[in-house]
Amino acid sequence: MTRLTRPDLDALPDYVPGRNVADLARELGIAEAIKLASNEVPFGPLPGVPDAVAAAVANVHRYPDMGVVQLRDKLSDRYGVPASRLVTGCGSVALSEHLVKAACLPGDEIVYAWRSFEAYPIIAAGAGAVSTRVPNTPAHGHDLPALAAAITDRTRVVIVCNPNNPTGTAVARAQLDRFVDEVPSDVLIVLDEAYREFVTDDSVPDGIEVYGDRPNVVVLRTLSKAWGLAGLRIGFLVAQPEVAAAVRKVVTPFSTNLIAQAAALAALDQEPEVRRRAALVVAERDRVTEALRKLSVDVPDSQANFVWLPIADRTAGFAAACESRGVIVRAFHPEGIRVTIGTPEENDAFLSAAEAALS
Ligand code: PMP
């Protein structure tokens, strides 16, 4: 057949979403599996969000506000940055795509750590950019000096995922200060802070507060995790006005949809509840980490809402053993397993599955 699409995409891995409850029902006959595979927060939508969504439904025959004015103003108040520096999008993953489209021409390079968020290679390849992957340290964290050293004349973007998905590790301010100073001023430094709300280590900087004024820094945030809007797809970035304006030029028109805008406005009124939920997740994260260490798994300290089990070639067997006990985790062959922190009961179910899987 005549080739109709780009041959270079054949080599690209598909984005593998976490397996879901329906997969286990179909394949294993397990009716109510526990999903700990996609880093959502388990407590349902925030109060006020269902009502805001229901009210917005009456207007879905109209396009949303393309300028996302009300929401950008609210984010501007909340995060202390002018609305001109904010861009919203259909999830922060779509915003990273738009950012790369705004920054890279085919053949340009994007430098990032590996393992890190599995969308990065797909986004780079989609733009025809070349990925430079820099291996994590033996402690599963970003190797910032090596990331800086990997930058060449062709590099347009370097990504720091802080905390890192899937390992949960975070880089501290002293190291990041040095890195940000070292990166050439014509390279965009993208700080992907999808899990910022779960950070409890004071040495880990808030990218918006600490680096937001640097001309070449862009901070990505999402409302999918702590703010409970994963299913509605909404995130935002903070950049200098010129960078933000360039991204806005390539954003898919109207891609911050009407219901997502309404839900985000309602969610942002719930900050105390977000903090309460994040604290529950953090307490459970620390409990799960300790329990796994007792099972002799060398879990690195996590600053996110998931933990990393670096069990290398045992990943496939471990994931299958958990699934047979009704718990869905995320396997990254051949490095390890990522487990999202759920409710205390869900975490207990995971821990007993893990104990059985490891014995
Ligand atoms: N960045 C990282 C590091 C993530 O883990 C995720 C979600 N898996 C995202 C970005 C994307 O989030 P969103 O739902 O906003 O697209």
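Computed from a prediction, not measured in an experiment: that's the story for all the values here. (Residues numbered from 1 in each chain as written. Predicted model: local features only at pLDDT ≥ 70, side-chain atom pairs only at ≥ 80, totals over all residues. Heavy atoms only, no water.)

### Quick notes on the packing of aromatic side chains
Moving on, step 1. Applying the stated criterion to the full structure yields eight aromatic pairs.
Moving on, step 2. Seen in terms of ring centroids, Tyr 195 and Phe 306 are 4.9 Å apart; in terms of plane orientation they differ by 85°. Their pairing is edge-to-face. Of this pair, Tyr 195 sits in the loop between β6 (188-192) and α8 (207-211) while Phe 306 sits in strand β9 (residues 306-309), and the two are 111 residues apart along the sequence.
Moving on, step 3. A residue is classified by how much of its surface remains accessible, and Phe 306, at 0% relative accessible area, is buried.
Moving on, step 4. Every member of this aromatic cluster is reached through a ring pair, and the members are Tyr 112, Trp 114, Phe 117 and Tyr 120.
Moving on, step 5. When the ring centre of Trp 114 is taken as origin, the NZ or CZ atom of Arg 133, which lies over that ring, is 4.1 Å away. (Phe/Tyr/Trp six-rings, centres within 6.5 Å; stacked < 30°, edge-to-face > 60°. Helix = DSSP H or I, 4+ residues; strand = E, 2+ residues; numbered from the N terminus. Buried < 20%, exposed > 50% of the residue type's maximum accessible area, 1.4 Å probe, protein only. Lys NZ or Arg CZ within 6 Å of the ring centre and 35° of its normal.)

### Quick word on the nonpolar core
Moving on, step 1. Membership of the largest hydrophobic core comes to 74 residues, with the highest contact counts inside it found for Phe 179, Leu 292, Leu 309 and Phe 350.
Moving on, step 2. No other element matches the six residues that helix α10 (residues 258-267) contributes to this core.
Moving on, step 3. What Leu 292 contacts, discounting residues up to four positions off in sequence, is Val 297, Val 299, Val 307, Leu 309, Phe 350, Leu 351 and Ala 354.
Moving on, step 4. Of all hydrophobic cores here, the second largest spans 27 residues; its members include Tyr 120, Ile 159, Leu 220 and Val 251. (Core = buried A, V, L, I, M, F, W, Y, C linked by side-chain atoms within 4.5 Å. Contact = heavy atoms within 4.5 Å.)

### A short note on the side chain of Arg 338
Moving on, step 1. By secondary structure assignment, the location of Arg 338 is in strand β12 (residues 336-340).
Moving on, step 2. Of note is the side chain of Arg 338, whose polar atom sits 2.7 Å from the backbone oxygen of Ala 37.
Moving on, step 3. Side-chain polar atoms of Arg 338 contact the side chain of Asn 39, separated by 3.4 Å. (Polar contact = N/O pair within 3.5 Å; in protein donor to acceptor, adjacent residues only side chain to side chain.)

### Quick notes on the domain arrangement of the protein chain
Moving on, step 1. According to the domain assignment, the protein chain contains domain 1 (7-45 + 272-358) and domain 2 (49-269).
Moving on, step 2. Just the C-alpha atoms count here: the centres of domain 1 and domain 2 sit 24 Å apart.
Moving on, step 3. Taken together, the contact pairs 33 residues of domain 1 with 32 residues of domain 2.
Moving on, step 4. Contact between domain 1 and domain 2 buries roughly 2500 Å² in total, counting both sides, with carbon and sulfur atoms accounting for 64%.
Moving on, step 5. Broken down residue by residue, the surface that domain 1 buries against domain 2 is led by Tyr 15, Val 274 and Gln 303, which jointly contribute 25%.
Moving on, step 6. One can count two salt bridges joining domain 1 with domain 2.
Moving on, step 7. Measuring nitrogen to oxygen at the nearest pair gives 2.8 Å for the salt bridge that ties Glu 335 to Arg 115.
Moving on, step 8. There are eleven residue pairs in polar contact (both at pLDDT 80 or more) connecting domain 1 and domain 2.
Moving on, step 9. Contributions of two or more residues to the side of domain 1 that touches domain 2 are made by α11 (271-294), β9 and β11 (330-332).
Moving on, step 10. Sorting elements by how many residues they give to the side of domain 1 that touches domain 2 places α11 first, with seven residues.
Moving on, step 11. Here the side of domain 1 that touches domain 2 is composed, by residue class, of 18 nonpolar, six polar and nine charged. (Domains from an automatic or database assignment. Buried area = accessible area lost by both parts, 1.4 Å probe. Salt bridge = Lys/Arg side-chain N within 4 Å of Asp/Glu carboxyl O. Nonpolar A, V, L, I, M, F, W, Y, C, P; charged D, E, K, R; others polar.)

### A look at the sheet that holds β9
Moving on, step 1. Strand order in the open sheet made by the three strands is β9-β12-β11, with antiparallel pairing throughout. The open sheet is flanked by β9 and β11, the only strands paired with a single partner. When strand polarity is set aside, the average angle formed by the axes of neighbouring strands in this sheet is 20°.
Moving on, step 2. On the sheet, helix α12 (residues 315-324) packs against β9, β11 and β12 and is oriented at approximately 35° with respect to β12. (Pairing = 2+ DSSP bridges. Axes fitted to C-alpha atoms, helices over the stretch in contact; angles between N-to-C directions.)

### Section: the pattern of salt bridges
Moving on, step 1. One pass over the structure, following the stated rule, counts 24 salt bridges.
Moving on, step 2. With a closest N to O distance of 2.9 Å, Arg 19 and Glu 27 form a salt bridge.
Moving on, step 3. Here Asp 213 ties to Arg 85 by a salt bridge, and the two come within 3.5 Å at their closest N and O atoms. Taken together, the residues Asp 213 in the loop between α8 and β7 (217-222) and Arg 85 in the loop between α3 (69-79) and β2 (86-89) connect sequence positions 128 residues apart.
Moving on, step 4. Its relative accessible area of 66% is what places Asp 213 among the exposed residues.
Moving on, step 5. Residue class for Arg 85 comes out buried when judged on its relative accessible area of 7%.

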